[in-house]
Amino acid sequence: MTISTLWAPMRARLAMTVTVTAAAALTMAGAATAGASAPPSEAKAPGAFVALSSVDPTILQDMRYVRAHNFVGEPVDGYRQPLCILTRPAAEALHRAQVRLLRQGYSLKVYDCYRPQRAVDHFVRWAEDLGDERRKAEFYPRVDKSRLFEDGYIAKKSGHSRGSTMDVTLVRLPALPAPRPRPGQESVPCYAPRAERYPDNSVDMGTGFDCFDTLSHTDDPRVQGAQRANRDLLRSALTAEGFVNLPEEWWHFTHKPELFPDTYFDFPVAHRSVAGHRS
């Protein structure tokens, strides 16, 4: 038997070993790469959070931060779908207020409810960028952007992230859709007469939502007549159900006692965050 004859089987076995080893290495490398690129699963809301529509489908929802028409000028981080999420006690209290208001010919409409911390962080980044004044003419025409933190319009933490705070207004029934904005209305100050500012189907509260101006203070003495009556109606209906108004914003209410008074959540505003939660 020649040396080449003896070597042939050994060479075949060696080649097979190299091939199997290489294949295994490639498989392990592929698995490692796949694991590294897979996004981490996002946290869901605790079971005490619900979609408002599952508690009261009659309350109107006009969720402003999922769209570009807001003081930032773009959709806000963490808002995946136009959905109001609240703690169950807050949602149930809002439902009771809605029942009272429907008898009087009004409906509640929410602009914002639970707000993830990543959205608050987005607001902070925007406020720190003094060069971005795309929406100044409408939302804060009389306030220097450098004062937004000092004047309390922007903060690094928000009660909205605890789940029992919402921004809300009134709509006279039957609720008609808001007219389409005319060219240039995004530059009209938020405190201009209702017919001139950006259109909304809500009643006239004296300013638009998210108007960074002292006229937004709930009891500002310059707001009188029908505007004052509308603010008082909203506040009285919600106060009767345990809500407390923020004096600087006629639209801002928190249900007390809060279910999570010291926790700031960051799950996204999305149906999957509350999927499976009982209504």
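Before reading on, note that the structure itself is shown above.
So, how was this worked out
- Residues numbered from 1 in each chain as written.
- Predicted model: local features only at pLDDT ≥ 70, side-chain atom pairs only at ≥ 80, totals over all residues.
- Heavy atoms only, no water.
- Salt bridge = Lys/Arg side-chain N within 4 Å of Asp/Glu carboxyl O.
- Helix = DSSP H or I, 4+ residues; strand = E, 2+ residues; numbered from the N terminus.
- Buried < 20%, exposed > 50% of the residue type's maximum accessible area, 1.4 Å probe, protein only.
- Disulfide = S-S within 2.5 Å.
- Pairing = 2+ DSSP bridges.
- Core = buried A, V, L, I, M, F, W, Y, C linked by side-chain atoms within 4.5 Å.
- Contact = heavy atoms within 4.5 Å.

**A few points about the pattern of salt bridges**
Following the criterion strictly, the structure yields 27 salt bridges and no others. Close ionic contact of Glu-92 with Arg-88 constitutes a salt bridge, the shortest N to O distance being 3.5 Å. Residue Glu-92 and its partner Arg-88 are both found in helix 3 (residues 88-102); the two are separated by four residues, about one turn of the helix. Residue classification places Arg-88 among the buried residues on the basis of a relative accessible area of 11%. Salt bridges sharing common partners tie together Asp-62, Arg-64, Arg-67, Lys-109 and Asp-200.

**Quick notes on the state of the cysteines**
For the structure shown, the criterion picks out two disulfides. Bridging Cys-84 to Cys-113, the disulfide has an S-S length of 2.0 Å. Taking the sign of the torsion about the S-S bond as the criterion, the disulfide between Cys-84 and Cys-113, at about -100°, is left-handed. A residue pair is termed long-range when its members are at least 10 positions apart, and Cys-84 in the loop between strand 2 (60-61) and strand 3 (85-87) and Cys-113 in the loop between strand 4 (106-112) and helix 4 (117-128) qualify at 29 residues. Accessibility assignment for this pair places Cys-84 and Cys-113 in one class, buried. Across a sulfur-sulfur distance of 2.0 Å, Cys-190 and Cys-211 are joined as a disulfide pair. An S-S torsion of about 65° defines the bridge between Cys-190 and Cys-211 as right-handed. A residue pair is termed long-range when its members are at least 10 positions apart, and Cys-190 in the loop between strand 5 (165-172) and helix 6 (225-239) and Cys-211 in the loop between strand 5 and helix 6 qualify at 21 residues. Disulfides within the chain link the bonded cysteines, taken in sequence order, as 1-2, 3-4.

**Description of the sheet that holds strand 4**
Taken together, five strands build an open sheet; the order of strands is 2-4-5-7-6 and the sheet is mixed. The strands lining the two open edges of the sheet, one partner per strand, are strand 2 and strand 6 (243-245). Across three bridges, the pairing between strand 6 and strand 7 (residues 252-255) is antiparallel. Across the sheet, Val-244 pairs through a bridge with Thr-254, a residue of strand 7.

**Some remarks on the nonpolar core**
Ranked by size, the top nonpolar core spans 61 residues in total, and within it Leu-94, Leu-108, Val-110 and Met-166 carry the most contacts. For this core, the secondary-structure elements that each account for two or more residues are strand 1 (49-51), helix 2 (52-55), strand 3, helix 3, strand 4, helix 4, strand 5 and helix 6. Ignoring sequence-local partners within four residues, the contact set of Leu-108 consists of Ile-59, Leu-60, Leu-94, Ala-97, Gln-98, Leu-101, Val-168, Thr-169, Leu-170, Leu-234 and Leu-238.

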